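Chains, contacts and geometry: an overview
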Amino acid sequence: MIFAANLKCNHTRASFKIYAEILNKTMGAKCDDIIVFPPSVAFLENENNFIQGAQNFYPCVNGAFTGELGKEHLDEFGIKCVLIGHSERRALGDEEFIKAKFDFAKEHGYKIVFCIGENLDTKNSGKTLEFLKKQLEIIDLNYEKLIIAYEPIYSIGTGVSAQSTDIAKVLEFLASLTKVPLLYGGSVNENNIKEILSVNHCGGVLIGSAALKVENFIKLIKG
Ligand code: G3P
């Protein structure tokens, strides 16, 4: 199972250092199934027992892109994993830009956690699967370092995850399109993680709020 934590705009470099120290110590040895996405200013240079990923990047090595983060900056911290398509970022860019990021990350061999998810209107109109299929049309579903995270927008940050029957329908559909690992994200917490992980085809979780405290994240990992 893959356990990924998206810390979003939380934690400073100092606090993430402590977070990483505790996580490293608890895990004891390297584990490729635990991924943490800290804010970019909190990236750590030291070796970790988990994968450190970037919440965002610009599809360039470097250049005249004010305020952006290129490959060169990720390289400096040994970062080989990126998050693409999170709904909180989709709101700021178009599909073409997301595709450019995917293509760049694939070209440079990054592990990619690619987020998809519908809003409540789409869900209520019964168009979830159609919508998700469209979101996936721009990427290579056979890329060997791809992980897909299904994050229904209506559940993110609410404390209430999607119904496991709805998650099951979506993961079944995604599994018919690709063989890559499938994660669920959207208010995963200690009350629902067991049920979510038991859904057929669920290969792990992408956790936001419930992973902000490292002790909580560890509890969720340990089950
Ligand atoms: O990427 C993780 C995320 O969007 C879910 O956030 O706070 O609902 O667990 P949260």
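Scoring rules and cut-offs
- Residue positions are given per chain, counted from 1 along the sequence in the order it is written.
- For this predicted model, a pLDDT threshold of at least 70 governs which residues receive local features, and a threshold of 80 or more governs which side-chain atom pairs are given and counted, while totals over whole chains, interfaces and linings are taken from all residues.
- Computation of side-chain values: all heavy atoms of the structure, hydrogens and water removed.
- Cavities and pockets were defined on a 1 Å grid built over protein atoms only: a cavity is a set of grid points that admits a 1.4 Å probe from which the probe cannot escape, a pocket is an open set flanked by protein on both sides within 12 Å along at least five of seven lines, and lining residues are those with an atom within 4 Å of any such point.
- Grid points are joined across faces, edges and corners, and a volume is the space filled by probe spheres set on the points.
- Numbering of helices and strands runs from the N terminus; a helix is a DSSP stretch of H or I covering at least four residues, while a strand is a stretch of E covering at least two.
- Proximity criterion: a residue is near a molecule or strand once any of its heavy atoms comes within 4 Å of it.
- Identification of polar contacts relies on pairs of N or O atoms within 3.5 Å, with a donor-acceptor requirement for protein atoms, meaning one able to donate a hydrogen and the other able to accept it, and with residues adjacent in sequence counted only if both atoms are side-chain atoms.
- Only the protein chains shown count as cover for residues, with accessible areas throughout obtained via the Shrake-Rupley method and a probe of 1.4 Å.

This model, assessed by the stated rule, comprises 1 cavity of 30 Å³ or more. Quantified by volume, the largest cavity comes out at close to 40 Å³. Along the walls of the largest cavity sit Gly85, His86, Ser87, Arg90, Cys115, Ile116, Gly117, Gln135, Glu151 and Ile153, which together make up its complete lining. Taken together, the elements giving at least two residues each to the lining of the largest cavity come down to α3 (87–90) and β5 (111–116).

This part covers the site of the ligand. Every residue near the ligand is listed here: Asn6, Lys8, His86, Glu151, Ile156, Gly157, Gly186, Ser187, Leu206, Gly208 and Ser209. Lys8 places a side-chain nitrogen or oxygen 3.0 Å from an oxygen atom of the ligand. At 2.7 Å from an oxygen atom of the ligand is found a side-chain nitrogen or oxygen belonging to His86. With the chains in place, 98% of the 310 Å² that the ligand exposes on its own is no longer accessible.

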